[in-house]
Each structure stands twice: as C-alpha cells, then as structure tokens.
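Summary of structural features
Chain by chain, the residues run as shown.
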Amino acid sequence: MMTPMRYVLLVLSVIVSLHYILSFTHDQYGKATSISHLTDYISGSNPPYREPVPDQYYKPPEPVYTPDRKANATFVMLVRNSDLSGIMSSMKQIEDRFNRKFNYPYVFLNDQPFTVEFKKYISTLTNAPVEFGLIPQGDWVQPPWIDETRASAAREDMVKNNVIYGGSVPYRNMCRFNSGLFYKQELLQQYKYYWRVEPDVKFFCDVDYDPFLLMQDQQKVYGFTVSLYEYPTTIPTLWDNVKAFINSNPGLIPTDNAMAFLSDDGGESYNRCHFWSNFEIGDMDFWRGEAYSKFFDYLDEQGGFYYERWGDAPVHSIGAALFARKDQIHFFNDIGYRHEPFQHCPQGEVHSKGKCWCDPGQNFDYEWYSCLNRYDNLLG
C-alpha cells in the first residue's frame, strides 16, 4: 500500500519527466521555462528586446546556388589581429556582393598567430571554408644579407624627405612578402587563382558572374581596378635593375607584352605607371613560373625593398607587363572599388546593372594621376 508521501513523489516524478520531454521537443517551451528565463522574469531584469524574434517572421532560407563549375581559387587576406574590424567590413561586403552566391574559400595570413576572437568573428561571416595561416619568420623579416647600416641610413634619409612609409621596416617586409612570397605559403599551394582583399576597402557593386572563371577561360593572369603613378622617391634604381634583368634574360620577354604601359620610349625609362595592388585578381601559377621567379629573386638580391622602398605594386605590375601578353591583363571595369583615397566607380549601364552605390562623378579612372588611358591605348 502506497503512503501519501509516495503518491507525492510519483506525481513529482511524472511532472519532472514531462518537463524534460517538453523542453527537448518544444523549443519555445524550453526557452520559456529555462532557469535563466525564470530568473530574469522573477527579478524583472529581462527587457523585451532580449527575446528572439519568433521563427514565423523570418523569410525561409533560399536554396543554395551551386554553380556548374568553379575555378581553383581563393581569397587572400594579409592582416593583423588589430585589423579585425576593418577586415570584417571588407569581407562582409565581399560576401554580400559576390561570395554568398559562389562560396569561394578564404585564406588569412599573419606574421603573428591569430587570436581565438579573430577566428571566431571571421568565421561567422561566411559559409565558405576559412583557413588561418602563420607566416614563417624567414618569409617576413628583413633578410640576413641586407646591410642594416645602409638600410637604416636610407630609412633616416627618407624620413627627412617625408617619403610615405619611408621609416618603416614592417611596411618593407609586407611589400617584399606580397611581391614574391605570399603565393609560396603552404595554405595557398593548392590554389591557382587568388583575389587579394585588404581591410577597410569598399566594394560598390553586385558581382553576379564569376571573375575567377573569366580569368581561367580567357587565360588572363592579372586583373586590376585602379592604376596610377608610383612615388619616384621610393624606386630611384628599380628600373635600372629591371633593365639589367631584361638584358640578361631576353628569352623570357614575350614580344606582345605590355611594355608600352610601363615605358614611353621602348623600355629605356619607366613612366612609373602601375596597377594598384591592394586589389588584385591573379594567377599564382604565373608568379610561380620561371620568368617571374627569376625576376623576383634578382630584385630581392639587389636589396631595393630595404635600401629604397620598392612596393609590391610596381614590382607586380612590371612583372605582369613584362612576362605576360598584353591581352592577359584585365581591367575589371564592373567591380566598383575604393581604397582610400582613390576609387573606381563604374559608369552608365555598368553602374545600373551592378546596382552600384558609388557616385559616378567620384571616379579616378581618367584623373590626371591615373594610368588607365595608357592601358586603353595599349589595347586600343
């Protein structure tokens, strides 16, 4: 015979069991009866906005677009942990304007280990694969063959003459790395094409086609959005070294290259035009090839990344213009882009088709400091 206490325990047992079953099978019941919810209710400390919007108000997710084919490609982002906010802004725009439709992977590179926080917040922005790589110290620091006495004297002189980044060793490390070492990183060995993205840039237009496939199908090796003149004080001997390399390696130079973009006198002098490399869509196998590999190694041995302040933009531009056919260099006219202080804003129907949000009147293409007219003449 059951005592009253046993009846009470049996009833409580049934109630508790039902509670757990309902908590697991009915999400709203579980949230409403959770300890944190009941505590907030009793204390009166839970304002209404903390309650999630019920699922019934959300638009059902659209079917994931699966393209018939994709290129072997990735985004490449060289950033520091302190760049988190800026690179999240850039990446969010890339996702909204392009990559949520195409789902290409991301590779992040840093000379310091990425923090748990950095990885967490970056990974929430995309459904695409994301990898984080640590750059080997030997690929980042000033090489041991550089004469530091000479290099430091050059930096001091540039600081006195107000040369932009003239006193910075880390900036020089970055220029050298982007010029000839990024595509050698372990995480990038599996990929052919890359799209370089930097913090705090803007992408103005929808990109509803696949630029990587365009590069692949049309055999392009380098794509840009902005071109301009380099500061002469950063590259006083660069072209002399380029000419020395050309004279020693004439067999590496195709006859239908883009020398006319770089020089107005057949290569005797450099007009300082270059593609602004903070935006690049390119073929890493081109950089890995014999011609550019020998070219970079030669320039690296001359020490100009540290004795002067050679940037990756002129080095990449000269390499692409010398060793590729001119028709393999592509202007992405339909990708609206801004990196302070310059921007490319598509014009006319291209602006409308891309639903671009830049002001067409704010467009660097044919300003006096732009080199786009030289590119037009090259292919015209």
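As a reminder, the structure under discussion sits directly above these lines.
The shown structure was predicted, so the numbers you read here are calculated from the model rather than taken from an experiment. The residue numbering used here restarts from 1 in each chain and proceeds along that chain's sequence as written. Confidence filtering applies because this is a predicted model: local features only for residues at pLDDT of at least 70, side-chain atom pairs given and counted only at 80 or more, and all residues used for totals across whole chains, interfaces and linings. To obtain the side-chain values, all non-hydrogen atoms of the structure were used and water was disregarded.

Re the overall build of the protein
When helices and strands are tallied, the protein shows 17 helices and twelve strands. Each residue is assigned to one of three classes by its accessible area relative to the maximum for its type, calculated with a 1.4 Å probe on protein chains only: buried under 20%, partly exposed between the two thresholds, exposed over 50%. Counting every position in the protein, which comprises 380 residues, the buried fraction comes to 48%. Counting contacts in the protein only where the partners sit at least 6 residues apart, residues at least 24 apart contribute 77% of the total. Each accessible area is a Shrake-Rupley estimate made with a 1.4 Å probe; only the visible protein chains count as cover when residues are assessed. Only carbon and sulfur atoms are counted for the fraction: they give 55% of the accessible area of the protein, which is about 20000 Å². Helix and strand assignments come from DSSP, with helices taken as H or I runs of at least 4 residues and strands as E runs of at least 2, each series counted from the N terminus. Residue contacts are defined here by distance: any two heavy atoms, one from each residue, within 4.5 Å place the two residues in contact.

Considering the sheet that holds strand β5 (residues 202-203)
Paired strands, as defined in this entry, are two strands with at least two bridges between them according to DSSP. Ordered by their spatial adjacency, three strands build an open sheet running β5-β11-β12, and the pairing between neighbours is antiparallel. Two strands bound the open sheet, and with one partner strand each, they are β5 and β12 (342-344). The pairing of strand β11 (residues 337-339) with β12 spans three bridges and is antiparallel. Bridge assignment links R338 to a residue of β12, and that residue is Q343.

Quick word on helix α13 (residues 290-302)
For α13, built from 13 residues, the straight-helix expectation of 18 Å at 1.5 Å per residue is met to within 8% by its first-to-last C-alpha distance of 19 Å. Check the buried side of α13 and you find it contacts α8 (169-180), α10 (238-248), α12 (284-288), α14 (304-307) and α15 (312-323). One or two steps after α13, the chain reaches G303, where phi turns positive at roughly 85°. Here the expected length of a helix is defined as 1.5 Å per residue gap, with one fewer gap than residues.

Observations concerning the sheet that holds strand β2 (residues 106-110)
The seven strands are arranged β3-β2-β1-β4-β9-β6-β10 in an open sheet whose pairing can be described as mixed. Both outer strands of the open sheet, β3 (130-134) and β10 (329-331), are each paired with one neighbouring strand and no more. Averaged over all adjacent pairs, the angle separating strand axes in this sheet is 20°, with direction ignored. For β2 and β3, the ladder comprises five bridges, and the chain directions are parallel. When the bridges of β3 are listed, L109 appears paired with G133. Fitted lines through C-alpha atoms give the axes, limited to the stretch in contact for helices. The angle between two N-to-C directions lies from 0 to 180 degrees.

Details of the environment of K70
Relative to the helices and strands, K70 resides in the loop between α3 (35-43) and β1 (73-78). In this structure K70 comes out as partly exposed when scored by relative accessible area, which is 38%. Along the backbone, K70 and Q216 are 146 residues apart, and their C-alpha atoms lie at a distance of 9.8 Å. The residues contacting K70, other than those within four sequence positions of it, are F102, N103, Y104 and L213. Contacts described as polar in this section are N or O atom pairs within 3.5 Å, which, within protein, must combine one atom able to donate a hydrogen with one able to accept it, while residues neighboring in sequence count only if both atoms come from side chains. Engagement of the side chain of K70 in a polar contact is seen with the backbone oxygen of F102, the distance being 3.0 Å. A distance of 3.0 Å separates the side chain of K70 from the backbone oxygen of N103, its partner in a polar contact.

Thoughts on the environment of F182
Topologically, F182 is positioned in the loop between α8 and β4 (193-196). Sequence separation between F182 and I135 is 47 residues, and the spatial gap between their C-alpha atoms is 8.7 Å. Among all residues touching F182, those that are not within four sequence positions of it are V76, F177, L188, Y194, M284, W287 and H316.

Looking at the layout of surface pockets
Volume-wise, the largest pocket comes out at about 1000 Å³. If you trace the largest pocket, you find 44 residues lining it, with Y165, Y171, M174, E198 and H339 closest to the centre. Of all elements in the fold, only β1, α8, β4, β7 (227-229) and α15 reach the threshold of two or more residues within the lining of the largest pocket. Among the elements that make up the lining of the largest pocket, the one with the highest residue count is α8 (six residues). By the convention adopted, Pro, Cys, Tyr, Trp, Phe, Met, Ile, Leu, Val and Ala count as nonpolar, Lys, Arg, Asp and Glu as charged, and the other residues, Gly among them, as polar. Residues belonging to the lining of the largest pocket are distributed by class as follows: 25 nonpolar, nine polar and ten charged. Buriedness for pockets is judged along seven lines, at least five of which must meet protein on both sides within 12 Å for an open set on the 1 Å grid over protein atoms alone, while cavities are sets there where a 1.4 Å probe fits but cannot get out, and lining residues have an atom within 4 Å of a point. Grid points are joined across faces, edges and corners, and a volume is the space filled by probe spheres set on the points.

Things to note about empty space enclosed by the protein
Following the criterion strictly, the structure yields one cavity of 30 Å³ or more and no others. Each pocket or cavity is described by its volume, and for the largest cavity that value is around 30 Å³. If you trace the largest cavity, you find it lined by F224, T225, V226, S227, F331, F364, D365, S370 and L372. When the residues that make up the lining of the largest cavity are grouped by side-chain class, the tally is five nonpolar, three polar and one charged.

Observations concerning the packing of α10 against α15
α15 packs onto α10 with a crossing angle of 30° between their chain directions and a minimal axis gap of 12 Å. The angle between the axes of α10 and α15 places the two elements in the roughly parallel class. Here α10 and α15 pass one another in a crossing that is right-handed. Contacts between α10 and α15 involve L238, W239, V242, F245 and I246 from the former and P314, I318, L322 and F323 from the latter. Here the contact of α10 with α15 is built from residues that sort into nine nonpolar, no polar and no charged. Note on terminology: angles under 35 degrees are roughly parallel, angles over 145 are roughly antiparallel, angles of 65 to 115 are roughly perpendicular, and the others are oblique. Less than a right angle of anticlockwise turn of the near helix away from the far helix marks a crossing as left-handed, whereas a clockwise turn marks it as right-handed.

Looking at the packing of α8 against α13
Across the interface, α8 lies against α13 with an axial gap of 10 Å and an inter-helix angle of 160°. It follows from the interaxial angle that α8 and α13 lie roughly antiparallel. When the axes of α8 and α13 are compared, the crossing they make is left-handed. Facing α8, whose interface residues are R176, S179 and G180, α13 presents Y292, F296 and D300. Among the residues forming the contact of α8 with α13, the class breakdown is two nonpolar, two polar and two charged.

Concerning the pairing of strand β9 (residues 280-283)
Looking along a regular strand, one sees the side chains alternate between the two faces of the sheet. Side-chain alternation along β9 places E280 and G282 on one buried face and I281 and D283 on a second face that is also buried. Bridge count between β4 and β9: four bridges; the pairing is antiparallel. Bridging across to β9, R196 finds its partner in E280. Direction of pairing for strand β6 (residues 222-224) relative to β9: antiparallel, over a ladder of two bridges. Following the sheet pairing, Y222 is matched in β9 by G282.

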